[in-house]
Amino acid sequence: MAVEVETRGGVAIGFNKEKKSDSTTPPIENTALLTIRLPSLCPAWVLTSTSITSVTFISFFISVFPNGACIMAAYMGTRGTVKEATDFNPEADAQKLKAAMKGIGTDESAIIAIIAHRSIAQRQQIKMVYKRDFGKDLDEDLKSELSGQFEKVVTGLLKTAPVYDAYELRNAIKGAGTDEACLLEILASRSNAEIKALTAAYSQEYGKVLEEDICGDTSGMFKRVLVSLLTAGRDECTTVDEALAKKDAKEMYDAGEARWGTDEDKFLTILCIRNRSHLLRVFQEYLRIAGRDIEDSIKREMSGNLEEIFLAIVRCVKSKPAFFAERLHKSMKGLGTTDSILIRVMVSRCEIDMLDIKTEFLKMYGKTLHSFIKVRPTERYTPL
């Protein structure tokens, strides 16, 4: 098999040169997978290739496009609750799923047993086998059989990570009103590689430019922060410039607490561009200068969506698992459940850092995440 590799906007693309251009579904045995560390990450990038029949690339998702390109991004982690199934057999799984939807009624337990207990890479193989063996899309068949929140969880799990993020962002933008909480949650928490992959997936899936759609649906400084995050230009090395950290802390203090009004531009420049290690040092220095945590100052100086997105950035810098634990708690506290947030976080993080999110949830709220979810209607199919 001949594989050609190039980079586009910092994202590695692997082309299977043996793939026929008129086919919309890559043959299982000929699709190339590339396990990489992107150039924008530290240290320098590394590249290996393998067959799609191998599922050893635990740290990465794959998004398969009609032209045979596989856009790879470092979405996967090692702290997920959903793992690869051992003795994996995509042909058998496809047959079981077909049987679960045959006749009157649907065997939901059989669907859960497969979809919620396979890795994203394994689910992609099942989808391709299903289409090959039955001439139909697994996603569409499941949509016709399921409904409500169960359908949203199952179909969400069938998507690759960049496609799922793109889908959530599209839903947040289209139609009347905008789900600003979804926009800031995704864009504040994703790495450069993840943002590049989801923007590429958005264009591929919807034929639109994500930045243009977001600009058309948001305004002011909130829009500018989103656009800055969309550029995927954050420094992702671990270097801390001590002198610059002190300067950044002083400039944010001078732009907010020390003056009448707030210079939001200074917060944008520092919070959206500096690397995580550097920002953690900035926050320490800010506390020394201002006598209060940076989060407290943001709450005092800003309001609305701008406050929320800057807080999201700061909290993700401090701890992404804690950020998502808070998101989950907010989605379930009080009367009712914000199912869209609950499902999005569970689906998007179940193979990345859900173990750490569960630990943080218990630490922050004194109850297990499972105990919170189990009284909700989504409990039986949430991937914990």
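Conventions adopted
- Residues numbered from 1 in each chain as written.
- Predicted model: local features only at pLDDT ≥ 70, side-chain atom pairs only at ≥ 80, totals over all residues.
- Heavy atoms only, no water.
- Helix = DSSP H or I, 4+ residues; strand = E, 2+ residues; numbered from the N terminus.
- Buried < 20%, exposed > 50% of the residue type's maximum accessible area, 1.4 Å probe, protein only.
- Contact = heavy atoms within 4.5 Å.
- Areas by Shrake-Rupley, 256 points an atom, 1.4 Å probe, with all protein chains shown as cover.
- Salt bridge = Lys/Arg side-chain N within 4 Å of Asp/Glu carboxyl O.
- pLDDT = per-residue confidence, 0-100.
- Phe/Tyr/Trp six-rings, centres within 6.5 Å; stacked < 30°, edge-to-face > 60°.
- Lys NZ or Arg CZ within 6 Å of the ring centre and 35° of its normal.
- Axes fitted to C-alpha atoms, helices over the stretch in contact; angles between N-to-C directions.
- Parallel < 35°, antiparallel > 145°, perpendicular 65-115°, else oblique.
- Nonpolar A, V, L, I, M, F, W, Y, C, P; charged D, E, K, R; others polar.
- Left-handed = near helix turned anticlockwise from the far one by under 90°.
- Core = buried A, V, L, I, M, F, W, Y, C linked by side-chain atoms within 4.5 Å.
- Expected span 1.5 Å × (residues − 1).
- Arc of directions from axis to C-beta.

When helices and strands are tallied, the protein chain shows 19 helices and six strands. By the burial criterion, 51% of the 384 residues in the protein chain qualify as buried. Long-range contacts, defined here as pairs at least 24 residues apart, represent 68% of the contacts in the protein chain between residues at least 6 apart. Accessible surface computed for the protein chain: about 16,900 Å², of which carbon and sulfur atoms make up 49%.

The next subject is the pattern of salt bridges. On inspection of all chains with the given rule, the structure shows 32 salt bridges. Across the pair Asp-213 and Arg-170 runs a salt bridge whose closest N-O atoms are separated by 3.2 Å. In this pair, Asp-213 is assigned in helix H9 (residues 210-217) and Arg-170 in helix H6 (residues 161-173), connecting sequence segments 43 residues apart. Across this residue pair, the class does not change: Asp-213 and Arg-170 are buried. In this structure, the salt-bridge partner of Arg-281 is Glu-285, at a minimum N-O distance of 3.5 Å. Of this pair, Arg-281 and Glu-285 both sit in helix H13 (residues 276-290), four residues apart, which is roughly one turn of the helix.

Okay, the confidence of the model for the protein chain next. Residues with a pLDDT of 70 or more make up 76% of the protein chain, whose mean pLDDT is 81. With pLDDT under 50 throughout, residues 1-74 is counted as low confidence; its partners more than four residues away or in other chains account for 166 contacts.

Before going further, it helps to examine the packing of aromatic side chains. This model, assessed by the stated rule, comprises eight aromatic pairs. Seen from their ring centres, Phe-323 and Phe-324 are 5.1 Å apart, and the 70 degrees between their planes marks the pair as edge-to-face. The rings of Phe-361, Tyr-365 and Phe-372 are connected pair by pair, giving a single aromatic cluster. Seen from the ring of Phe-134, Lys-98 lies directly overhead, with NZ or CZ sitting 5.4 Å from the centre.

This brings us to the packing of helix H15 (residues 304-318) against helix H16 (residues 320-332). Where H15 contacts H16, the two axes come as close as 5 Å, and the packing angle between them is 130 degrees. Here H16 runs oblique to H15, going by the angle between their axes. Across from Ala-312, Arg-315 and Cys-316 in H15, the residues of H16 making contact are Lys-320, Phe-323 and Glu-326. Residue classes in the contact of H15 with H16 are distributed as three nonpolar, no polar and three charged.

Right, let's talk about the packing of helix H10 (residues 220-230) against helix H12 (residues 264-273) for a bit. Put simply, H10 and H12 touch, their axes get as near as 10 Å, and they point 20 degrees apart. What the angle tells us is that H10 and H12 run roughly parallel. Crossing hand, H10 versus H12: right-handed. Taking contact as the criterion, the partners of Met-221, Arg-224, Val-225, Ser-228 and Leu-229 in H10 are, on H12, Glu-264, Asp-265, Leu-268 and Cys-272. Here the residues of the contact of H10 with H12 are counted per class, giving five nonpolar, one polar and three charged.

Of note, the phi angle at Asp-87 is positive, near 50 degrees, even though the residue is not glycine. Mapping Asp-87 onto the fold places it in the loop between strand S6 (69-73) and helix H1 (90-100). Here Ala-232, not a glycine, exhibits a phi torsion of approximately 55 degrees, which is positive. Mapped onto the fold, Ala-232 is located in the loop between H10 and helix H11 (242-255). On the accessibility criterion, Ala-232 (8% relative accessible area) is buried.

Moving on, we come to the nonpolar core. Counting residues in hydrophobic clusters, the biggest one holds 65 residues, and the most contacted among them are Val-225, Leu-271, Phe-310 and Ile-313. At nine residues, H15 tops the list of elements feeding residues into this core. Among residues more than four places away in sequence, those in contact with Leu-271 are Arg-234, Met-252, Leu-279, Phe-283, Ile-298, Phe-310, Ile-313 and Val-314.

With that settled, consider helix H18 (residues 354-365). Between its first and last C-alpha atoms H18 spans 16 Å; for twelve residues at 1.5 Å apiece the expected length is 16 Å, and the two agree. When we look at burial in H18, the residues that qualify are Met-354, Ile-357, Glu-360 and Phe-361. The buried residues of H18 occupy an angular sector of 115 degrees when the element is viewed end-on, so they sit on one face. Just past H18, the residue Gly-366 takes up positive phi, approximately 70 degrees.

A few words now on the environment of Ala-113. Here Ala-113 lies in helix H2 (residues 108-115). Separated by 20 residues in the primary sequence, Ala-113 and Asp-93 have C-alpha atoms spaced 9.8 Å apart.

With respect to the helices and strands, the residue Thr-338 is situated in the loop between H16 and helix H17 (339-349). On the basis of relative accessible area, Thr-338 is assigned to the partly exposed category, the value being 35%. Expressed as a C-alpha distance, the spacing of Thr-338 and Leu-328, which sit ten residues apart in the sequence, is 9.1 Å.

Here we take up the environment of Asp-235. For Asp-235, the location among the structural elements is in the loop between H10 and H11. On the accessibility criterion, Asp-235 (34% relative accessible area) is partly exposed. Aside from chain neighbours lying at most four places away, what touches Asp-235 is Ile-273, Arg-274 and Asn-275.

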